[in-house]
Amino acid sequence: FLGFNNISSVGASSLAKSLQFSSSLKQLMLYNNNIGDEGFETFASVLDNASSSSGASQLSLLHLGGNVASTNAKSQLLSACKQASANWKSLKCIG
């Protein structure tokens, strides 16, 4: 749980990229931070490029609600979440 920590898009992007190498992280809660478009877009990119063998495929919950991303960036993330969920497992995204 990393909510209410003033995490920026730069920090969120680093966390997103690290998902590729994590085989045990199931939930990532980053609600009510300061994550903007760049952070949301990086999460979307990581999810779009994840395969069933990548660490990101273990993630079942990504909570980014209460951040400052635009509607377009949120839509990109939602689309990536839907695709990832269809490809390898159920993934619930909140944002």
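Scoring rules and cut-offs
- Residues numbered from 1 in each chain as written.
- Predicted model: local features only at pLDDT ≥ 70, side-chain atom pairs only at ≥ 80, totals over all residues.
- Heavy atoms only, no water.
- Pairing = 2+ DSSP bridges.
- Helix = DSSP H or I, 4+ residues; strand = E, 2+ residues; numbered from the N terminus.
- Axes fitted to C-alpha atoms, helices over the stretch in contact; angles between N-to-C directions.
- Expected span 1.5 Å × (residues − 1).
- Buried < 20%, exposed > 50% of the residue type's maximum accessible area, 1.4 Å probe, protein only.
- Arc of directions from axis to C-beta.
- pLDDT = per-residue confidence, 0-100.

Novice: How do you make sense of the sheet that holds strand β3 (residues 92-94) when you look at a structure like this?
Specialist: Within a sheet, adjacent strands bond to each other through the backbone by hydrogen bonds, running parallel or antiparallel. A sheet is described by the order of its strands in space; here three strands give the open sequence β1-β2-β3, paired in parallel fashion. With partners counted over all chains shown, the strands left at the sheet margins are β1 (27-29) and β3, one partner each. For this sheet the average axis-to-axis angle between neighbouring strands, irrespective of direction, equals 5°. As judged from the three bridges shared by strand β2 (residues 61-63) and β3, these two strands associate in the parallel manner. In the sheet register, leucine 61 faces β3, and the bridge partner there is lysine 92.

Novice: Looking at this structure, I do not really get helix α3 (residues 71-87). What am I missing?
Specialist: Since the α-helix packs 3.6 residues into each turn, any two residues three or four apart lie on the same face. Across its 17 residues, α3 extends 24 Å between first and last C-alpha, which sits within 8% of the 24 Å expected from 1.5 Å per residue. Every buried residue of α3 is listed here: Ala73, Leu77, Ala80, Cys81 and Ala84. Taken down its axis, α3 places every buried residue within 105° of arc, on the same side. Counted as exposed and oriented over 90 degrees from the buried face of α3: Thr71, Asn72, Lys82 and Ala86.

Novice: Hey, could you run me through the confidence of the model for the chain in this one?
Specialist: Interpretation of the predicted coordinates at a detailed level should be avoided for regions scoring low in pLDDT. Per-residue confidence for the chain gives a mean pLDDT of 89; residues scoring 70 or more make up 93%. By mean pLDDT, β3 is the weakest element of the chain at 82, and helix α1 (residues 9-18) is the strongest at 95.

Novice: For this particular structure, what's the right way to read the environment of valine 46?
Specialist: Relative to the helices and strands, valine 46 is located in helix α2 (residues 37-49). In this structure, the C-alpha to C-alpha distance between valine 46 and leucine 19, residues 27 residues apart in sequence, is 7.8 Å.

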